[in-house]
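Coordinate inspection notes
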Amino acid sequence: MTKAYSYIRFSTPEQAHGDSLRRQTARAEAWARERGLTLDNSLRDLGVSAYHGANQETGALRSFLQMVEDGRIERGSYLIVESLDRIDRRQVMDAATRLFDLIRAGIIVVTLSDGQEYSEERLRMDWTPLMFSLIVMARAHEESRTKSERVGEAWRQKKELARIERKPLTPRCPEWLEVRDGKFVERPERVSLVRRIFAETIDGFGRREIMRRLNVEAVPTFRGGEAWHTSSIAKVIQSRAVLGEYQPHRGTHKNRNRTPEGDPILDYYPRIIDDETFWRAQNATEGRRQSAAGRKGQKGAHILQGLARCASCDGPMHILNKGEPPKGGIYLACSSNLRKAGCDNDRRIRVDRLEKDLLKALLHVDVAALASLDDETPQMLRRIAALKAKLADAKARRTRLLSIFVETEDEEVEEQLVKAAAEVKEFTKQLKEHEKAAASKQADPGTTVRLATANELSGQLDEAAIDKRRELRIKLSSLLRGLVERVECRPIGPVMILKPRLEVRMRGIMPFAFRMENNVVSMLLVSSPSKDAVDEFFLGLWDHPD
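A few points on the structure. (Residues numbered from 1 in each chain as written. Predicted model: local features only at pLDDT ≥ 70, side-chain atom pairs only at ≥ 80, totals over all residues. Heavy atoms only, no water.)

This part is about the sheet that holds strand 13 (residues 349–350). Ordered by their spatial adjacency, 3 strands build an open sheet running 11-12-13, and the pairing between neighbours is antiparallel. Edge strands, defined here as strands with exactly one partner in the open sheet, are strand 11 (317–321) and strand 13. Both strand 11 and strand 12 (residues 330–334) contribute to a ladder of 5 bridges, which runs antiparallel. Within the sheet, the bridge partner assigned to N321 lies in strand 12 and is I330. (Pairing = 2+ DSSP bridges. Helix = DSSP H or I, 4+ residues; strand = E, 2+ residues; numbered from the N terminus.)

Pasting the structure below:
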């Protein structure tokens, strides 16, 4: 049985509250009823533009076109639209091609506004309707183009005014603000929540853990959803709007052409996070990414997560649960050895004992020797000042050469101009990288603070309640990534390798064997090791895969 499909589209969601939907629906139903056809009116793209072909890529029309291409819609079926511009408002060549493809596939396109029926049978006998279709499509595209240019110009003026007067462009703004009387106003409870998310990130909590904590406490989401998601946490941490910045864009997400327009507007929004807090959070996030941080169990992951590696194959160490102590326990085991994938390192290392030995060994790191490690900022700032001077000089040369080239069109001057422009681009890139690194370094609390905090937290572990212990372990795991390069799990036992230039101070009897080579300290984390283990440690320590 021949079937008719009604396709309804309009560009903005606001039109759903007007007469557009009712009008298009009623006319399609009346047309199908007069001809005794079954009508499918499920094809609706409400608030979808056809100017850039968005309705061709997703939504109801894309589904219909796919069914036509797959042969799931019979030849001779009708596609009813108010006008051809409901299907396509792109340039005539593109719009006409889409119409012809439908007709060749056996679809009869009906336009209610002018009573036309475009079918293969009719057009073979009379091609004059094609002339009218081209005129309709050309007019539709021109109207959309003109409207787009006017809207674009209006937005450009708004954005320029935003740069000058810092006035809100629209009522939309970051979730922790609202627009009231033409000004951005903080929403105190949400501002506090954003600051909490930053603080917990700096403390070492990952997105998944922060999400879990908020959901356990039933903290309301920003947009009224049932629960928090990791993506929501990530958006807060990564948003420079917390620093007061607004980055204008052009294009849309829907059309996949959204790109930044000009430089960010500083001090556009009220600043709710200071630079140091922002960059410390970015550092913490990057540190977790590099250590491949993962899910935490109910009691928290082991504090060496992301640090422990097999010394034989350089593969990751995985958790092996052998049941409850004292007979059982949680062990680290080489992943490749567990999978019988070629590694012969079958040493199983008890996690709780390793953690205690490692934290005990950190007490012997010389805090007094750390001051020089935390004083690199002045040197970084001097490099930035030098780059700024180079950039200013390159810009001046580029301007001067451009002026000469405009007057003379000399080829040698053109070559120098291209070279100067390349230098400006390169110096600009380097300056941004160095400024980011300097901001990150200034936000870093420093090795001294990190070590002192790690020692303080490790002393609280044994007496803490279960929930507090989980929190302490997560914080410790984050701190250790700034102190420990890796923990090599060797057949003789675990070896902790500190970050370069950290030193060990002898205080009484040293409980662990250690050595320094090339400014790197390594410690054999085995209490009362055998002579053979110590000999192998000193003779074969540096034969690791790195």
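Taken as a whole and assessed by the stated rule, the structure comprises 25 salt bridges. We note a salt bridge from E120 to R75, for which the minimum N-O separation is 3.3 Å. Of this pair, E120 sits in helix 5 (residues 120–125) while R75 sits in the loop between helix 3 (59–70) and strand 3 (78–81); the two residues are 45 residues apart in sequence, bridging distant segments of the chain. Its relative accessible area of 26% is what places E120 among the partly exposed residues. Residue E245 is joined to R240 by a salt bridge in which the shortest nitrogen-to-oxygen separation is 2.9 Å. (Salt bridge = Lys/Arg side-chain N within 4 Å of Asp/Glu carboxyl O. Buried < 20%, exposed > 50% of the residue type's maximum accessible area, 1.4 Å probe, protein only.)

This next bit is on the side chain of S6. Mapping S6 onto the fold places it in strand 1 (residues 3–10). Classification of S6 as buried rests on a relative accessible area of 2%.

Further remarks concern the nonpolar core. Core analysis: the biggest nonpolar cluster contains 34 residues, and L358, M496 and L498 have the highest contact counts within it. Sorting the residues of this core by element identifies strand 10 (308–310), strand 12, helix 12 (351–362), helix 16 (466–480), strand 14 (484–490), strand 15 (493–498) and strand 17 (520–524) as the ones contributing at least two each. Looking at this core element by element, the count peaks at 6 residues for helix 12. Every residue in contact with L498, bar those within four places of it in the chain, is listed here: L362, V365, L483, V484, E485, V504, V520 and V521. (Core = buried A, V, L, I, M, F, W, Y, C linked by side-chain atoms within 4.5 Å. Contact = heavy atoms within 4.5 Å.)

Across its 12 residues, helix 12 extends 17 Å between first and last C-alpha, which sits within 8% of the 16 Å expected from 1.5 Å per residue. What helix 12 keeps buried is the set V351, L354, E355, D357, L358, L359, A361 and L362. (Expected span 1.5 Å × (residues − 1).)

Once that is clear, we can look at the side chain of E200. Structurally, the position occupied by E200 is in helix 7 (residues 188–202). With near-sequence residues (within four places) excluded, E200 lies in contact with F205, I210 and R213.

Let us now look at the sheet that holds strand 15. Strand order in this open sheet of 5 strands is 10-14-15-17-16, and the pairing throughout is mixed. The outermost strands of the open sheet, each flanked by one partner alone, are strand 10 and strand 16 (513–517). Adjacent strand axes in the sheet meet at a mean angle of 25 degrees when their direction is disregarded. In this structure, strand 14 lies alongside strand 15, joined through 6 bridges in antiparallel fashion. Paired with R490 across the two strands is G493, which belongs to strand 15. This element, helix 12, spans strand 14, strand 15 and strand 17 of the sheet and lies at about 35 degrees to strand 15. (Axes fitted to C-alpha atoms, helices over the stretch in contact; angles between N-to-C directions.)

Moving on to a negative patch on the surface. Among the surface-exposed residues, D410, E411, E412, E414 and E415 lie close enough to one another that they form a single negatively charged patch. By secondary structure assignment, the location of E411 is in helix 14 (residues 411–443). Judged by relative accessible area, which is 63%, E411 ranks as exposed. (Patch = residues over 30% accessible without salt bridge, like charges linked within 9 Å, V, L, I, M, F, W, Y side chains within 5 Å. Areas by Shrake-Rupley, 256 points an atom, 1.4 Å probe, with all protein chains shown as cover. Lys, Arg positive; Asp, Glu negative; His and termini not counted. Charge placed at Lys NZ, Arg CZ, Asp CG, Glu CD.)

Inspection of every chain in the model, using the stated rule, returns 2 cavities of 30 Å³ or more. Empty space within the largest cavity amounts to approximately 40 Å³. Ranked by residue count, the leading element in the lining of the largest cavity is helix 4 (residues 92–104), at 3 residues. Looking at the lining of the largest cavity residue by residue, the classes come out as 5 nonpolar, no polar and 2 charged. Approximately 30 Å³ is the volume found for the second largest cavity. As for the second largest cavity, its lining consists of S6, Y7, I8, Q24, A28, I80, V81, E82 and L112. Those elements that provide at least two residues to the lining of the second largest cavity are strand 1, helix 1 (20–34) and strand 3. With 3 residues, the top contributor of residues to the lining of the second largest cavity is strand 1. Each residue belonging to the lining of the second largest cavity can be placed in one class, and the counts come to 6 nonpolar, 2 polar and 1 charged. (1 Å grid on protein atoms, 1.4 Å probe; cavity = no way out; pocket = protein on both sides within 12 Å on 5 of 7 lines; lining within 4 Å. Points joined across faces, edges and corners; volume = space filled by probe spheres on them. Nonpolar A, V, L, I, M, F, W, Y, C, P; charged D, E, K, R; others polar.)

Given a rise of 1.5 Å per residue, 12 residues ought to cover 16 Å, and the 17 Å separating the end C-alpha atoms of helix 3 matches this to within 8%. Every buried residue of helix 3 is accounted for by A60, L61, R62, F64, L65 and V68. G71 sits one or two residues past helix 3 and shows a positive phi near 80 degrees.

Checked against the element boundaries, K432 lands in helix 14. A relative accessible area of 58% places K432 in the exposed class. Along the primary structure K432 and I384 are separated by 48 residues, whereas in three dimensions their C-alpha atoms are 9.1 Å apart.

Most of strand 15 is tucked away, with 6 of its 6 residues classed as buried. Hairpin connection of strand 14 to strand 15: 2 residues between the antiparallel strands.

Moving on, we get to the packing of helix 7 against helix 8 (residues 207–216). Here helix 7 crosses helix 8 at 135 degrees, and the two axes come no closer than 10 Å. Between helix 7 and helix 8, the crossing angle belongs to the class labelled oblique. In this structure, helix 7 meets helix 8 at a crossing whose hand is right-handed. Of the residues in helix 8, those touching helix 7 at L193, R196, I197, E200 and T201 are I210, R213 and L214. (Parallel < 35°, antiparallel > 145°, perpendicular 65-115°, else oblique. Left-handed = near helix turned anticlockwise from the far one by under 90°.)

In this section: the packing of aromatic side chains. Taken as a whole and judged by the stated rule, the model has 10 aromatic pairs. The structure contains a cluster of three or more aromatic residues connected by ring pairs, namely F184, Y246, Y268 and Y269. (Phe/Tyr/Trp six-rings, centres within 6.5 Å; stacked < 30°, edge-to-face > 60°.)

Per the counting criterion, the structure on display carries 0 disulfides. With no disulfide of its own, C313 lies closest to C334 among cysteine sulfurs, the gap being 3.6 Å. Accessibility expressed as a relative area gives 0% for C334, which makes it buried. (Disulfide = S-S within 2.5 Å.)

Purely geometric numbers; function is a separate question.
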